[in-house]
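Geometric and topological summary
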Amino acid sequence: MSLYKLYNLIFSKINTARYYIKEKVLYSLNKKKSYEILKKDTPLISIIMPTYNRSKLLLEIGIPSILNQTYKNFELIIVSDGSTDDTEEVVKKINDPRIKFFKLSRNKRKYPPSLVNHYFSHSVIPTNFGLKNINGDWISHHDDDDIWTKDHLEKLLKFAIENKFEFVSSSHREIRHGKEKIINWSLDKPPIGGHQTWLYTSNLSFFERNPNCWRRSWNAAHDVDVQDRMIKVGLNFGYTEDITYTVQPRPGEQEIGIKALKENEQFYKNAYNYN
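Residues numbered from 1 in each chain as written. Predicted model: local features only at pLDDT ≥ 70, side-chain atom pairs only at ≥ 80, totals over all residues. Heavy atoms only, no water.

A look at the packing of helix α1 (residues 3-37) against helix α7 (residues 222-233)
The geometry of α1 relative to α7 is characterised by a closest axis approach of 10 Å and an angle of 55 degrees between their N-to-C directions. Taken together, α1 and α7 sit at an angle that is classed as oblique. For α1 against α7, the interelement crossing comes out right-handed. Packed against α1, whose contacting residues are Tyr19, Tyr20, Glu23, Lys24 and Tyr27, the element α7 presents Arg229, Lys232 and Val233 at the interface. Counted by class, the contact of α1 with α7 contains four nonpolar, no polar and four charged residues. (Axes fitted to C-alpha atoms, helices over the stretch in contact; angles between N-to-C directions. Helix = DSSP H or I, 4+ residues; strand = E, 2+ residues; numbered from the N terminus. Parallel < 35°, antiparallel > 145°, perpendicular 65-115°, else oblique. Left-handed = near helix turned anticlockwise from the far one by under 90°. Contact = heavy atoms within 4.5 Å. Nonpolar A, V, L, I, M, F, W, Y, C, P; charged D, E, K, R; others polar.)

Thoughts on the pairing of strand β9 (residues 237-247)
β9 sits mainly inside the fold: eight of its 11 residues count as buried. Of the pairings in the sheet, the one linking strand β5 (residues 147-148) to β9 comprises two bridges and is antiparallel in character. Bridged to Trp148 within β9 is Tyr245. (Buried < 20%, exposed > 50% of the residue type's maximum accessible area, 1.4 Å probe, protein only. Pairing = 2+ DSSP bridges.)

Details of a nonpolar patch on the surface
On the surface, a cluster of nonpolar side chains totalling about 580 Å² of accessible area is made up of Met1, Leu3, Leu6, Ile10 and Ile14. Along the chain, Met1 falls in the segment before α1. Classification of Met1 by relative accessible area gives exposed; the value is 74%. (Patch = residues over 30% accessible without salt bridge, like charges linked within 9 Å, V, L, I, M, F, W, Y side chains within 5 Å. Areas by Shrake-Rupley, 256 points an atom, 1.4 Å probe, with all protein chains shown as cover. Salt bridge = Lys/Arg side-chain N within 4 Å of Asp/Glu carboxyl O.)

Topic: the environment of Glu89
Mapped onto the elements of the fold, Glu89 is located in helix α3 (residues 87-92). Each C-alpha atom, one on Glu89 and one on Ser55, is 8.9 Å from the other, the two residues being 34 residues apart in sequence.

Digging into the packing of aromatic side chains
With the rule as written, the count across this model stands at 11 aromatic pairs. When the ring of Phe167 is compared with that of Tyr200, the centres are 5.7 Å apart and the planes differ by 15 degrees; the resulting orientation is stacked. Separated by 33 residues along the polypeptide, Phe167 in strand β6 (residues 167-176) and Tyr200 in strand β8 (residues 199-201) bring together distant segments of the chain. Just as Phe167 is buried, Tyr200 falls in that class too. Among the aromatic residues, ring-to-ring pairing joins Tyr52, Phe267, Tyr268 and Tyr272 into one connected group. Above the face of the Trp218 ring, Lys13 is positioned so that its terminal group lies 5.0 Å from the ring centre. (Phe/Tyr/Trp six-rings, centres within 6.5 Å; stacked < 30°, edge-to-face > 60°. Lys NZ or Arg CZ within 6 Å of the ring centre and 35° of its normal.)

A word on the nonpolar core
General note: in soluble globular proteins, nonpolar side chains tend to be found buried as a group. The biggest cluster of nonpolar side chains holds 28 residues, and the ones touching the most others in it are Ile45, Ile47, Leu76, Ile78 and Trp138. Counting only elements with at least two residues in this core, the list comes to β1 (45-51), α2 (55-67), β2 (74-81), β3 (99-104), α6 (152-163) and β9. Element by element, the count of residues in this core is highest for α6, at five residues. (Core = buried A, V, L, I, M, F, W, Y, C linked by side-chain atoms within 4.5 Å.)

Pasting the structure below:
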């Protein structure tokens, strides 16, 4: 093992222990608030949507997916991670007071510039910013190119309240190379769906994304990292096999996730200045 890998291993072990102690204490102090929130019939849901230079996708896919929801009591927190396109103009033209727009400066990333590290860590900073600016009773996450079913929020909120779960998630549909597949996590222990299906009480906002997740040799993606920490603390998880969102390739592509980056490597290296 190289000294660099050894350093990352030791750093990650210590960092994991630090997160566990901090989050275990905060969870113990805040747990009662979950049950107070669960008593509310029509609570405000804060939806965090990080984005970077995808104004067209935002306008045609991401934002309509939110605004078409059957559940209407939400705020949409769009965090532009230093976009240089017309994202700000596009968002501000939408006349809906529930949309809140923030633009961050895109400072030098704290991870080695590679597409893999980008995939693991790219939305950590805007997501954490969003978590600090929520006003709602519940927190949800939405990528700017994902499609929620119209009853996504309504269904998950009802499921959580009826069963007294402080964290719920669901199955989803993914499309690759024109073929659909249902992703069902019900056999996992505990079952937890993709982070675009997460809905959890706002007193858990201290579960921030880990800016050093890329250092880990296990569960290195930012969402899996925080999920692992939530499991260790012992949240009250609920899971429904209902499909509440679809992830599909971006226009002109055939794959999703990290495979999309690898199949279009030069395009994304140029887009993120990783040449």
